[in-house]
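A look at the structure
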Amino acid sequence: MMGSVATDSSTSSSASSDRPDKPRRVRRTRMTGAERRQQLLEIGRTLFAAKGFEGTSVEEIAAKAGVSKPVVYEHFGGKEGLYAVVVDREMRQLLDMVTSSLTAGHPRELCEQAAFALLDYIEEYTDGFRILVRDSPIPQSTGSFASLISDIATQVEDILGREFKARGFDSKLAPLYAQALVGMVALTGQWWLDERKPKKAEVAAHLVNLAWHGLDGLEPRPRLIGHRKS
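This write-up is about the structure you can find in this document. This structure is a prediction, so every number in the text was calculated from the model and none was measured. (Residues numbered from 1 in each chain as written. Predicted model: local features only at pLDDT ≥ 70, side-chain atom pairs only at ≥ 80, totals over all residues. Heavy atoms only, no water.)

Some points on the layout of surface pockets
So the rule is basically this: As defined here, a cavity is a set of points on a 1 Å grid over the protein atoms alone where a 1.4 Å probe fits but cannot get out. A pocket is an open set with protein on both sides within 12 Å along at least five of seven lines, and residues line them when an atom is within 4 Å of a point. Grid points are joined across faces, edges and corners, and a volume is the space filled by probe spheres set on the points. For the purposes of this entry, the term helix denotes a DSSP run of H or I that reaches at least four residues, the term strand denotes a run of E that reaches at least two, and both are numbered from the N terminus. Polarity classes work like this: nonpolar for Ala, Val, Leu, Ile, Met, Phe, Trp, Tyr, Cys and Pro, charged for Asp, Glu, Lys and Arg, and polar for all others, with Gly in that last group.
Empty space within the largest pocket amounts to approximately 170 Å³. Looking at the largest pocket, the residues that line it are Arg30, Met31, Thr32, Gly33, Arg36, Val71, Glu74 and His75. When residues of the lining of the largest pocket are traced back to their parent elements, those giving at least two are helix 2 (33–51) and helix 4 (69–76). In terms of residue count, the dominant contributor to the lining of the largest pocket is helix 4 (three residues). Residues belonging to the lining of the largest pocket are distributed by class as follows: two nonpolar, three polar and three charged.

Set out below in C-alpha cells:
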C-alpha cells in the first residue's frame, strides 16, 4: 500500500500562480451627457452628409454610437431634432468664417477674403457643406442655405453701399449686387466641392477677377441693348 505523499504548499501555490489568469473585464468609461450628445452630433453629421436625411435612420445613428434608440430620442427628440442642430451649427460656422474674414480695407481684397472664406469652409468642413447645400427635407426653424447666403450678402451689402456712394452710384442697389456676388461665389463653391480643380487659390483668383473687373467697369445707369425693355 503506497503511503500518502506530502504536499509542498509552496509548490502548490507556485503551480497555481503559473496558471494563465482569466482575462479581466475592461470597464468601459461612461460618457457624460454632454459627451454623448457631441458623439451623436458627429455621427449624425457624417451620416447626413453621406446619405442625406432620408437615407439616414435613427437605428443606424444609435448603432454607430453603440447605444439604444431611446438615447437618441432623449437627446434630440428624434432624427429631425438631430438634423436641425447639425444644420444650425454648420450655418453658424460658415457665417462666422465669412464675416470674420472681412477685415481688409480695400474692396478688392475684401472680395478675395470672402471667396477664400467660403472655399476654406468647403475644404475644412466638407461634410457640413454637403449637408447645407442639400434641400432640407423638413421645415427648418434655423433657416436654409439660401437664407445663410442672404445673411452673408447683408455683410457684403454694407461694403458695397459705401463703395457705391463714393463712386456716385445709387447705393440703394447695393443689396442687388451683394446677392449677385455672393450667389456667384456660393454656386462656384458647390461646383468646386466635388471637382477640387483648379486649386483653391486659383479658384478664388478667378472669382475675384470676374467680380472685381465687372464692378470696376460698372455703368452708373446700365442700359439694355436688346429689343426687350421691360
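With respect to the packing of helix 8 (residues 145–167) against helix 9 (residues 174–195)
Our working definition: Angles shown run from 0 to 180 degrees and are taken between the N-to-C directions of axes, each axis being a line fitted to C-alpha atoms and, for helices, limited to the stretch in contact. Each angle is binned into one of four classes, with values under 35 degrees roughly parallel, values over 145 roughly antiparallel, values of 65 to 115 roughly perpendicular, and all other values oblique. By definition, any crossing whose near helix is turned counterclockwise from its far helix by less than a right angle is left-handed, and any crossing with a clockwise turn is right-handed. It only takes one pair of heavy atoms within 4.5 Å for two residues to be counted as in contact.
Helix 9 packs onto helix 8 with a crossing angle of 130 degrees between their chain directions and a minimal axis gap of 7 Å. Classed by the angle they form, the pair helix 8 and helix 9 counts as oblique. Between helix 8 and helix 9 lies a crossing whose hand is right-handed. Residues Phe145, Ile149, Ser150, Ile152, Ala153, Val156, Glu157, Leu160, Gly161 and Phe164 of helix 8 form the contact with helix 9, whose own contacting residues are Ala174, Pro175, Tyr177, Ala178, Gln179, Leu181, Val182, Gly183, Ala186 and Gln190. In terms of residue class, the contact of helix 8 with helix 9 is made up of 14 nonpolar, five polar and one charged.

Points about the side chain of Lys200
Note the threshold: Accessible area is worked out with a 1.4 Å probe on protein chains only. A residue is then buried under 20% of its type maximum, exposed over 50%, and partly exposed in between. Any pair of nitrogen or oxygen atoms within 3.5 Å is treated as a polar contact; in protein, a donor-acceptor pairing is required on top of that, and neighbouring residues in sequence qualify only through side-chain atoms on both sides.
With respect to the secondary-structure elements, Lys200 resides in helix 10 (residues 200–216). On the basis of relative accessible area, Lys200 is assigned to the buried category, the value being 18%. A polar contact of 2.6 Å, which involves the side chain of Lys200, links it to the side chain of Asp120. Sequence-distant contacts of Lys200, defined by excluding residues within four places in its chain, comprise Phe116, Leu119, Asp120, Glu123 and Trp192.

Purely spatial values, then, with no claim about function.
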